Amino acid sequence: TIAIDVGWRKMTNGDMRVATWVDDAGAVGALRVPARLLERWAKVHDLRSIRDRAFNEARGVLREWLASGVAVPPWLADATRTLHAWRSPSRLASLVIRWRAERFAGDDGIFGRLETWRRQDRHLLSWESHQRENVLRARREIYRVFAATHVARYRRVVVERLDLRDFAELPDVAAGDAPDSYPTANSRGRRFLAAQSELLGAMAAFSQKVGAEWIETVAAWTTQHCHACGSREPFDAAVEAMHVCSVCRVEWDQDVNAARNLLRAVQRCEHPADRSRGEVADEREESP
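Residues numbered from 1 in each chain as written. Predicted model: local features only at pLDDT ≥ 70, side-chain atom pairs only at ≥ 80, totals over all residues. Heavy atoms only, no water.

Looking at the packing of aromatic side chains
- Enumeration over the complete set of coordinates arrives at five aromatic pairs.
- A centroid spacing of 6.3 Å and a plane angle of 40° characterise the contact between F55 and W117, whose relative ring orientation is tilted. Taken together, the residues span a long stretch of sequence, with F55 in helix 1 (residues 35–67) and W117 in helix 4 (residues 108–149) at a distance of 62 residues.
- Judged by relative accessible area, F55 falls into the buried class, the value being 2%. (Phe/Tyr/Trp six-rings, centres within 6.5 Å; stacked < 30°, edge-to-face > 60°. Helix = DSSP H or I, 4+ residues; strand = E, 2+ residues; numbered from the N terminus. Buried < 20%, exposed > 50% of the residue type's maximum accessible area, 1.4 Å probe, protein only.)

Side note on the environment of A202
- Of note, A202 is situated in helix 6 (residues 196–210).
- Separated by 51 residues in sequence, A202 and V151 have C-alpha atoms that sit 9.5 Å apart.
- Not counting residues within four places of it along the chain, the set of residues in contact with A202 comprises Y143 and A147. (Contact = heavy atoms within 4.5 Å.)

Some details on the pattern of salt bridges
- Scanning the entire structure with this criterion turns up 19 salt bridges.
- Measuring nitrogen to oxygen at the nearest pair gives 3.1 Å for the salt bridge that ties D253 to R17. Taken together, the positions of D253 in strand 7 (residues 251–253) and R17 in strand 2 (residues 16–23) put the pair 236 residues apart, joining distant regions of the chain. Assigned by exposure class, D253 and R17 land together as buried.
- Among the salt bridges present, the one from R119 reaches E115, with a minimum N-O distance of 3.1 Å. (Salt bridge = Lys/Arg side-chain N within 4 Å of Asp/Glu carboxyl O.)

Re the pairing of strand 1 (residues 2–10)
- For strand 1, the buried fraction is high: nine of the nine residues fall into the buried class.
- Because side chains alternate across strand 1, one face comprises the buried residues I2, I4, V6, W8 and K10, and the other comprises A3, D5, G7 and R9, equally buried.
- Where strand 1 meets strand 2, seven bridges bridge the pair, whose relative direction is antiparallel. By the bridge assignment, K10 is partnered in strand 2 with M16.
- The turn joining strand 1 and strand 2, which pair antiparallel and follow one another in sequence, is formed by five residues; a positive phi near 100° is taken by G14.
- Examined bridge by bridge, strand 1 and strand 4 (residues 156–160) share three bridges and lie parallel to one another. (Pairing = 2+ DSSP bridges.)

Here you go:
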């Protein structure tokens, strides 16, 4: 049996840990997304930020030009009526393309600036899209290899039943880091890159492929119950990565601790109502 605690945490060496596992033979390990992939993902966001700034600037230039009282054809006045609320570069690019086919006297300066912006944005969009796809492809391969080399080796695979919408950023392992030390945009970006749903999907698919039992168990407080003595530890799991049990004085990593509790819950049948997806499917097929 292998028990896998899924969660994402930025490590001190720059890697991102997305899962921690233990098995009934005593082995312990973790799945990490390497720092170099995080750096490539940050480049995706950098490119998007550059595009957003350039778009806002181009939109502002056009608004100022229109507000100057210059005579424009009715189609342009109508098309830009809600220009102040535009949020998509593609909308402005579409306007410029139409404008290219419907030029009019006095538009040389403004059209030239917008056309230059459109060409640059097209180039940056292609770069951003290519970079994103490469990063996501690399992540999928990391998850596939993990499922093939770990999940496929066991007869039972245990994970905690989760609502992935509730996943939030966990702080760095380094002491003193607080949750608010991360900009919101970076947190969302790392959560998206971690993609717990894709990881769980890859593991579940491999479990089915090799005939392993896939168990999703409801194991409350797996992070805060000490696996060594069972005491419930009142500590801030969102801030502390390492914790020393106040009762037995055993020090543990909270993610390893959670995985051990998942394993213990199944081994001791603490949640007999939990069933694998295969068992539930079999019951449905047998029901009238």
